[in-house]
Amino acid sequence: MWIFALFFITIILFLLFSLISSQYPETNHRYKKQTNKEKGDEYEFYIGRLFKEHGYKVYYKGINEGYFDEGIDLICYKGIEVVLVQCKNWKKQADLNSVKKFVYNCREYEQKNYIKLKRKSIRKIFVISNPYKNKEIREYLKQINNEIEFFNIALQHYRKIY
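Residues numbered from 1 in each chain as written. Predicted model: local features only at pLDDT ≥ 70, side-chain atom pairs only at ≥ 80, totals over all residues. Heavy atoms only, no water.

J.: Could you give me a rundown of the pairing of strand S2 (residues 74-78), with the residues and numbers involved?
T.: The pairing of strand S1 (residues 57-59) with S2 spans three bridges and is antiparallel. Bridge assignment links lysine 57 to a residue of S2, and that residue is tyrosine 77. Looking at chain direction, S2 and strand S3 (residues 81-88) are connected through five bridges and run antiparallel. Opposite cysteine 76, over in S3, you have valine 83 as the bridge partner. What sits between S2 and S3 in their antiparallel hairpin is a turn of two residues, with glycine 79 showing a positive phi close to 60°. (Pairing = 2+ DSSP bridges. Helix = DSSP H or I, 4+ residues; strand = E, 2+ residues; numbered from the N terminus.)

Below is the structure:
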């Protein structure tokens, strides 16, 4: 008789666990966590949307070209202004090497596309999703006469409406 009771309790616990797991995806073992690529793409799309809301046309270079994006995630156009954007959806603070690499990539892009860009006003923006400030980066930006702008913009999750 006690074997039957133990079997019955096991079945009830299994059913309860299944019910709870289906209501809370983070406890569901089948729930898929985002890869770094997916997190990056989501943040690039979010920042691109912010530019679109301000009247820019946005080319999602990072999403469309992947590894071959030349270190520039978004190119935003509005009138004679062109904005080159690097997006980082990181939990840790930005490091100086990432910012220096972006500056280098922008300079390379400008040289390579000189004819297309010669009558344009060019801005370069490095944007990161966390609130951390880095003194080393601020010092570097002063050294290069604020050639790039650095912003901390948190990713605001939104619900998709179907």
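The rest of the description comes next.
J.: An account of the packing of aromatic side chains is needed here, citing residue identities and associated values.
T.: The full count for this structure, using the stated rule, is five aromatic pairs. Taking 5.2 Å as the distance between ring centres and 85° as the angle between the ring planes, the aromatic pair formed by phenylalanine 51 and tyrosine 56 counts as edge-to-face. Look at tyrosine 56 and you get buried, because its relative accessible area is 10%. Between phenylalanine 126 and phenylalanine 150 the ring centres are 5.4 Å apart and the planes differ by 10°, which places this aromatic pair in the stacked class. Of this pair, phenylalanine 126 sits in strand S4 (residues 121-128) while phenylalanine 150 is found in strand S5 (residues 149-152), placing the two residues 24 residues apart along the sequence. There is no split in this pair, since phenylalanine 126 and phenylalanine 150 are both buried. Through a chain of ring-to-ring contacts, three or more aromatic side chains come together here, namely Phe102, Phe126 and Phe150. Its end group placed over the ring of tryptophan 90, lysine 92 keeps NZ or CZ at 4.8 Å from the ring centre. (Phe/Tyr/Trp six-rings, centres within 6.5 Å; stacked < 30°, edge-to-face > 60°. Buried < 20%, exposed > 50% of the residue type's maximum accessible area, 1.4 Å probe, protein only. Lys NZ or Arg CZ within 6 Å of the ring centre and 35° of its normal.)

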